[in-house]
Every structure is written in structure tokens, then in C-alpha cells.
Amino acid sequence: MIEWPRDAELWPTVPAPPPYPPPMTATRDVLLTCPLDCPDACRLKITIERQPDGSEKAVKLTGDPAHPYTRGFACAKTVHYPARQNHPERPLYPLRRVNPKTDPEPQWERVTWDEALDDIAGRLRQLIAERGPQSILPYHYAGNMGLLEGSHVHALWRALGAAELEETICASAGTAAWEVGYGTRLAVDPLDVPHARLIVLWGINSLSTHSHLTPQITAARKNGARVVCVDPYRNRTAAFADEHLKIRPGTDAALALGVMRELFVNGWTDAEYLAQATEGVDDLRAAAEEWSPQRTAEVTGLTADEVRDFARLIGTTRPTYIRVGYGMTRYENGATALRAVTLLPALTGDWRYRGGGCVMSTSGTFKLNRRRLGAAHVTRPEAPRVNMNELANALDPAVGFGALFVYNCNPAVVSPDSGRVRAGMRRDDLLVVVLEQAMTESARLADYVLPATTFMESPDLYTSYGHFWLGYNPAELTPPGECRPNSWVFAELARRLGVEEPSVYWTADDLMAELLDTDHPFLDGLTPERLKAEGTVRLNVPDGFLPYAYGAETPSGKVQLAPAPRFVPVQAELNADFPLRLLTPPAHHFLNSTYGNLGNLNRAEGGEPQVLLCPADAAASGVQDGEYARLTSEQGEVRRRVKVTDAAQPGVAVVEGTWWGLTAPDGRSINELTAQTLTDLGGGSTFHNTRIRVSPA
Ligand SMILES: Nc1nc2c(c(=O)[nH]1)N[C@H]1C(S)=C(S)[C@@H](COP(=O)(O)OP(=O)(O)OC[C@H]3O[C@@H](n4cnc5c(=O)[nH]c(N)nc54)[C@H](O)[C@@H]3O)O[C@H]1N2
Ligand SMILES: Nc1nc2c(c(=O)[nH]1)N[C@H]1C(S)=C(S)[C@@H](COP(=O)(O)OP(=O)(O)OC[C@H]3O[C@@H](n4cnc5c(=O)[nH]c(N)nc54)[C@H](O)[C@@H]3O)O[C@H]1N2
Ligand code: SF4
Ligand SMILES: [Mo]
């Protein structure tokens with residue numbers, strides 16, 4: 001028999017059972033705006049899963065079914081964002097390079113944030129003292145489109161008086177051209193596209209690069225609309241269209257002028273619109289007069305009948321919706337090309353019809369108070385300006401930059417003449433800091449790699465260049481390791497450098513209050529509280545918005561047709577040495593160089609970059625399908641596998657996508673072939689201007 005002690009205190013204490021472990025499968029769904037440089041700015045539904053150790057991880061991503069424009073799907077690339085976010089090589093801690101940057105394989109030591117920032121700040125302070133703040137070159141683009149992490153964080157550099165980087169790599173030629181004709185970049189509501197009877201996709205591979213326009217185009221098609229694609233090669237969009245005009249590269253201004261002539265000759269212009277809303281029609285008529293269908297055909301490589309039929313279609317179909325991309329702008333004569341094309345709806349009066357007109361970007365509808373965004377108000381007029389397309393030149397030692405600070409950008413891959421860019425980054429007298437989410441080839445050339453957060457890990461606001469919704473993202477995930485938002489890194493550097501400008505230290509809340517502090521009717525009732533509560537809010541752009549029906553936001557208040565755009569051929573002519581024009585447009589499964597480190601997306605793109613050649617050019621170059629070939633330009637040489645296809649036209653070679661050099665057979669970026677040449681207006685990039693020869697490898 002057991003004898004129990006009478007005194008309860010003598011009983012053995014039973015330890016409390018441990019709490020039930022959280023179920024391993026617990027998940028929650030969150031809604032966030034896609035931060036990538038893409039017009040669609042999708043509202044995404046992201047599934048976050050709690051891990052056994054209590055941490056959380058994004059595991060699945062799709063589109064928000066409730067968002068009227070996103071319509072429940074994400075693109076073929078961003079559905080894989082979780083793999084990029086959880087990538088095994090994602091930098092999680094500050095890293096300092098321990099071997100020379102000229103060694104092919106970088107070696108790193110992990111350092112604390114304090115060590116890294118103290119040393120970087122010390123070196124910047126020394127540079128400022130010895131050579132002035134203008135010896136610091138920040139380099140950035142739109143890896144993150146957030147108004148805080150993408151746009152506002154430049155405030156530090158302006159407060160310091162560092163060199164002012166002109167962000168020209170993508171849209172500046174188009175923007176400058178649009179401004180001449182129309183002023184601010186306003187646009188037709190993408191949800192009005194189903195009203196269009198003719199859709200022209202002109203120099204845009206929209207099925208790949210603007211995929212949420214596709215349901216709208218399909219709806220228009222169901223209503224009987226025709227779809228025409230104008231592009232030098234048969235891309236996905238051309239294959240989808242009812243008709244493909246395989247234009248010779250760099251000749252769009254000629255085609256637009258040829259169409260205009262037919263509009264004038266056949267009386268397909270809208271006299272009332274021209275009188276009320278435009279200025280300079282006589283100059284445009286005179287410029288168009290020279291462009292008979294025959295001459296237009298000779299220059300553009302189309303037939304005279306194709307030119308006539310295209311003009312008739314545009315002239316007699318209301319509403320016609322023209323969606324231009326940046327493809328035609330990436331030439332020496334690119335801004336003029338875009339200006340010519342975008343003036344077509346001013347002749348036909350399409351701006352007066354719902355679903356008619358032309359769209360390049362909706363950016364101008366976001367009438368935010370941008371006065372102090374990026375501390376623009378403290379920009380110093382004496383700060384040297386550097387066109388980002390000329391980075392290769394800027395990194396020449398003679399120019400005198402002592403520090404390069406890269407964020408939201410991957411210049412070793414995406415910038416023109418990238419062979420020289422890489423050589424410049426390797427200079428041992430240049431401090432290179434790369435703030436990154438991925439171990440990119442730019443990061444591999446850094447003295448310091450600093451680990452950045454992603455859009456799920458820090459709060460931000462997002463506009464769009466393809467629709468009218470403003471987005472707000474709270475931070476939904478705790479950053480892994482020691483990743484930090486750009487804004488945190490810059491504030492910490494600013495503190496160390498004694499920067500007093502208050503806007504440098506703004507949080508997302510401060511910035512939101514500032515940006516929404518405006519009386520513009522498009523932002524009526526759009527308060528920070530509402531934006532935070534709803535997450536995505538449509539601007540108060542009126543339903544059935546007709547942006548240029550009565551004129552434009554130009555100094556005259558009218559759409560400016562004069563001075564008329566005039567066709568000037570690309571000066572870098574094809575010749576016996578360089579008989580082919582090389583186009584390097586975006587790949588379906590990458591977003592610029594983002595996603596280039598995901599194996600499955602590389603495989604979806606064919607496993608390695610390929611050069612498309614038509615059978616005649618392959619034969620003339622002595623190369624065969626499936627073999628490697630050398631591609632040589634005035635800038636450099638790369639090796640690529642050949643794909644012989646009639647998708648390409650004679651005289652045109654195509655390599656889709658800015659692949660990581662690491663995934664190419666020779667380790668080289670395609671931009672080793674492209675040049676720093678600038679556009680006729682806006683200082684833009686001219687990636688498709690490149691002339692090359694192809695020879696057996
Ligand atoms: N899947 C995917 N989507 C993306 C991107 C991506 O990399 N991948 N990038 C994003 C970014 S940053 C941007 S700027 C946009 C760019 O998206 P787009 O504007 O669609 O891309 P572009 O490089 O301008 O090329 C578009 C098309 O123009 C054609 N083109 C080239 N030269 C000419 C010409 O002389 N005349 C005409 N008519 N067409 C020509 C090219 O062959 C190509 O098919 O896409 C965004 N979306
Ligand atoms: N040959 C050729 N070259 C081209 C083009 C072409 O068509 N042909 N297209 C051009 C165009 S249109 C563009 S827009 C440029 C784009 O060039 P980039 O702006 O360099 O775009 P990505 O290659 O996507 O690289 C963006 C980088 O930013 C990083 N990033 C993203 N979010 C953050 C963040 O919050 N913080 C930090 N610190 N980093 C972040 C990503 O990890 C990624 O490595 O490329 C241009 N280059
Ligand atoms: S990359 Fe573009 S299409 Fe893809 S999810 Fe982001 S915004 Fe949408
Ligand atoms: Mo771009």
C-alpha cells in the first residue's frame with residue numbers, strides 16, 4: 001500500500017505540459033501590390049506559411065481575384081517570386097569582399113551592419129573632404145517601384161550633393177516625345193479597351209510585358225475588334241494578333257507618316273477635333289505628303305498594299321486603340337518614331353471615343369504631391385549630371401568618381417556596353433557598394449554587398465504605369481537574417497554623415513502623408529487612412545475618361561502636331577562588316593534581369609540565351625541551327641546558340657532577354673554588344689540600334 005504524504009506541499013510537482021506546437025501547416029493569405037517594373041502593378045494574393053521554428057515564409061503567389069484589373073492571375077514569372085525570395089544564395093548579412101575585384105570568384109567575410117556602415121560612411125566622408133560630394137555616383141533604377149524604396153531613397157544623395165543620376169535607361173525618350181505632343185502622360189482607362197474596334201499593338205510585346213492587358217484585348221476581340229501587331233519579328237504578341245506587320249527596325253516614323261498621308265488624302269481625318277484640340281496640322285500635313293505608300297514601303301520593308309490597308313483600317317475604324325511600347329524608342333531616332341505614332345489618334349479624332357486613342361503610360365494620372373519626393377527640393381544645380389546609359393564612360397578613372405553605390409539595379413547585366421561597365425566596377429580605387437536582394441553579377445563585383453528586404457518585408461506605396469490604382473503594402477513578413485529596407489540603410493548612413501535634411505529620414509507613413517497632400521480632384525478623398533484600410537484604391541479618374549478629347553496639358557493647352565516629326569534613318573547603317581540589326585527585347589519569363597537566377601525560369605526560356613536568325617541570314621553567316629555562333633558588334637563579342645526561324649526577318653537578329661551572364665555559354669551579358677548611344681530626345685537608351693555580324697564560333 002502506498003502511503004501518501006498528508007501535506008500537499010510534499011507532493012511532487014508536476015511540470016506544466018508544453019504548449020501545443022503551432023500546426024506546421026498554418027497559413028494566411030495577404031494582399032500586396034507587385035513592386036516590379038511592369039505596367040500591370042498587380043494586386044497579388046500571397047500565401048504565407050508558418051514554419052516549425054515559428055518563422056514565416058511566402059510559399060505561394062497568385063493574383064487577387066477581386067481586383068478589377070489583376071483579375072486573379074499573376075504572370076508566368078512572378079508566380080515564382082517565393083522561390084526568388086527564399087533563394088539559397090540570397091544575401092542575408094552584410095558581406096565584405098576579401099579578395100581583389102579582379103579575381104573571377106569573389107570571396108566574402110560576414111561583417112556586422114555597424115562595421116559595414118561605419119567603414120562605408122568613413123570612406124564617403126573622406127571622399128567628400130578630398131574631392132567633394134560630386135565624386136560619389138549613386139546608380140539605381142526601378143528594381144523596386146515603391147515610392148519610398150524606389151523613388152524617395154535618392155534623398156540622401158541630393159542632401160549630400162552627390163552626382164545626380166539621370167534615370168534614362170527605359171522610358172525617358174518616350175516620355176520626352178509624349179511631352180512634346182501631349183504634355184503629361186495621361187491615358188485611356190485599360191478597362192475601356194473592350195470598347196475598341198481596332199487594336200494596334202505597336203512595338204510592344206504585350207502578351208509578355210503587359211500581360212493583364214490580354215483579357216481586355218480578348219474582350220474587345222469577342223466584340224468584333226481586329227488586332228494588328230507592328231513588330232520586326234514574330235513574338236508572342238504577333239502570333240496572337242490577327243495581322244502582323246513585320247516592319248524593318250527603326251522605321252516606325254516612316255510608317256506613321258505614310259499612314260498619315262493616306263488619312264489626309266482620303267479625308268479620314270477629324271476636322272472638328274483638329275480645329276478644337278490641336279495646333280500645327282499644316283506642318284504635319286506637309287511632312288506626311290512626301291510619304292506615298294510606295295516610298296513608305298521601300299523604307300519600312302512592308303508592301304505598298306500593306307501600308308494602304310493599314311491606313312484604311314486606322315482611317316475608317318472608330319474607336320482605334322493604339323498601345324505603344326518602348327521597342328520603337330530604343331534607337332537613335334526613337335523619340336521621333338514614338339511621337340509620330342502617337343499623333344495618329346489626333347488626326348483620326350479617336351481621343352473623342354471611349355476606348356480610342358493611344359496609350360504609352362498612365363503615370364501622369366497619379367497627381368501626387370511630389371515636391372519633396374526624393375528630396376527633389378534640395379537638388380543642387382552644381383551637382384554633375386550623369387546619364388545612366390553612359391555608366392561605362394562615367395567609370396573611366398579619368399572622370400574621377402571614387403564611389404559607386406548601386407541599388408534597385410543590376411548594371412553589370414542591364415547597362416549598355418556592360419563589358420566596360422564591369423571593367424570599371426573592378427577598379428581597385430573605386431568603392432563599390434551594392435545593396436541587393438540577390439547575388440547578382442553586380443553584387444559579385446562589389447566591395448560591400450548589403451542585404452536588402454523585398455516588398456513583403458517593408459511598407460511602401462505604389463503607383464502604376466498601366467492602370468489607375470494606387471497601392472499600399474504593409475510589411476507582412478519579418479526580414480530574414482539581417483536584411484534591411486533601402487530606407488533604413490540610407491537613414492543609417494545619413495546619421496553617420498551628419499545629414500540634417502529631415503526628408504532623408506521619412507518613413508512610409510511620413511511619405512504617404514506628404515504625397516497625398518494635394519487638392520487634385522483625381523486624389524479627392526484619398527487619405528492615408530483609406531489607402532491603408534483598402535490597400536488598393538482607384539484614382540478618381542472619371543469613368544469613361546477621355547484624356548485628350550478637348551486638348552492636352554501642353555503650354556498651349558492643345559495637342560502639338562508641330563514641329564512635325566520627320567523620319568531620319570538610323571545613322572549606324574548596316575554594311576558588309578555589320579550586316580544585321582540586333583534586337584534584345586524582354587523575355588517572357590524574366591523581368592529584365594530579375595528571375596535570371598531561377599533554374600526553372602531559365603529552362604522555360606530554353607535553358608540558355610539564343611539568337612534567332614532567318615534561314616537566309618544563317619546561311620550567309622555560315623552558321624546552323626543548334627550550333628554556337630559568335631556575335632560581334634563594335635563594342636564586343638559574345639557566343640550564343642543559333643535558332644534558325646522565320647520569326648526573324650532578313651537583316652534582323654533577335655536575342656530575347658537580359659539573361660545573367662552566368663547562364664550564358666561565355667559568361668557574358670548581351671549588353672557587351674550594345675552601345676551608349678543616346679536617343680534623339682530624352683537621352684534614352686538605344687538597345688535595339690546595335691549592328692552585328694554573326695560567324696561560326
Ligand atoms: N516578361 C517581361 N515583362 C516585362 C519586362 C521583361 O523583361 N519581361 N520588362 C518590363 C520593362 S522594364 C519594360 S520597359 C517593358 C518593356 O516592354 P515592351 O515595350 O514590350 O518591350 P521593348 O523592349 O520595348 O520591345 C517591345 C517590342 O518592340 C519590338 N521592336 C524593336 N524594334 C522595333 C522597331 O523598330 N519598331 C517596332 N514597331 N517594334 C520594335 C521588339 O521586337 C519587341 O517585340 O516591359 C516590362 N515587362
Ligand atoms: N539589351 C537590353 N538591355 C536592357 C533592356 C533591353 O530591352 N535590352 N531593357 C532595359 C530596361 S527597359 C530596363 S527598365 C533596365 C532594367 O534594369 P534594372 O533596373 O537593373 O532591372 P533588373 O534587371 O530587374 O534588376 C533590378 C535589381 O534590383 C533589385 N531590387 C529589387 N528590389 C529591391 C529593393 O527593394 N532594394 C534593393 N536594394 N534592390 C532591389 C533586384 O534584386 C534586381 O537585381 O534594363 C535595361 N536593359
Ligand atoms: S511582373 Fe507585372 S504582370 Fe507579373 S505580377 Fe508583377 S505586375 Fe503583374
Ligand atoms: Mo524598362
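Residues numbered from 1 in each chain as written. Chains lettered and ligands numbered in written order. Predicted model: local features only at pLDDT ≥ 70, side-chain atom pairs only at ≥ 80, totals over all residues. Heavy atoms only, no water.

Let's shift gears to the pairing of strand 16 (residues 431–436). Extensive coverage of strand 16 is indicated by the burial of six of its six residues. Residues Leu431, Val433 and Leu435 point to one face of strand 16 and Val432, Val434 and Glu436 to the other, with burial holding for every one of them. Taken together, the five bridges between strand 15 (residues 403–407) and strand 16 define a ladder with parallel strand orientation. Along strand 16, the bridge assignment pairs Tyr407 with Leu435. One ladder, built from four bridges, connects strand 16 with strand 17 (residues 448–451); its direction is parallel. (Buried < 20%, exposed > 50% of the residue type's maximum accessible area, 1.4 Å probe, protein only. Helix = DSSP H or I, 4+ residues; strand = E, 2+ residues; numbered from the N terminus. Pairing = 2+ DSSP bridges.)

Turning our attention to the side chain of Asp350. Structurally, Asp350 can be placed in the loop between helix 15 (344–348) and strand 13 (357–359). Here the side chain of Asp350 touches Thr348 through a polar contact of 2.7 Å, side chain to side chain. With residues near it in sequence (within four places) discarded, Asp350 still touches Thr317, Arg318, Pro319, Thr320, Pro345, Gly356 and Gly357. (Polar contact = N/O pair within 3.5 Å; in protein donor to acceptor, adjacent residues only side chain to side chain. Contact = heavy atoms within 4.5 Å.)

Moving on to the domain arrangement of the protein. Parsing the protein into structural domains produces domain 1 (8–85), domain 2 (96–170 + 366–538), domain 3 (173–360) and domain 4 (580–696). The distance between the C-alpha centroids of domain 1 and domain 2 comes to 28 Å. On the side of domain 2, 27 residues touch domain 1, which itself brings 26 residues to the contact. Interface of domain 1 and domain 2: buried area, both sides summed, is about 2,100 Å²; carbon and sulfur atoms make up 60% of it. Its largest share of buried area at the contact with domain 2, domain 1 owes to Leu32, Pro35 and Asp37, together 27% of the area lost on that side. Summed over the shared surface of domain 1 and domain 2, the number is one salt bridge. We note a salt bridge from Arg28 to Glu476, for which the minimum N-O separation is 2.9 Å. At the boundary of domain 1 and domain 2, one finds 14 residue pairs in polar contact (both at pLDDT 80 or more). Broken down by secondary-structure element, the contributors of at least two residues to the side of domain 1 that touches domain 2 are strand 1 (27–33), strand 2 (43–50), strand 3 (56–63) and helix 1 (81–85). (Domains from an automatic or database assignment. Buried area = accessible area lost by both parts, 1.4 Å probe. Salt bridge = Lys/Arg side-chain N within 4 Å of Asp/Glu carboxyl O.)

We now examine the site of ligand 1. What surrounds ligand 1 is a group of 34 residues, the closest being Asp231, Asp252, Gly327, Tyr331 and Phe590. Gly250 places a main-chain nitrogen or oxygen 2.8 Å from an oxygen atom of ligand 1. Contact between ligand 1 and Gly327: an oxygen atom at 2.4 Å from a main-chain N or O atom of the residue. Compared with its free state, where it exposes 910 Å², ligand 1 has 97% of that area covered by protein. Across the shell around ligand 1, the residue classes break down as 18 nonpolar, eleven polar and five charged. Split by domain, the residues of the shell around ligand 1 number at least three in each of domain 3 (173–360) and domain 4 (580–696). (Near = heavy atom within 4 Å. Areas by Shrake-Rupley, 256 points an atom, 1.4 Å probe, with all protein chains shown as cover. Nonpolar A, V, L, I, M, F, W, Y, C, P; charged D, E, K, R; others polar.)

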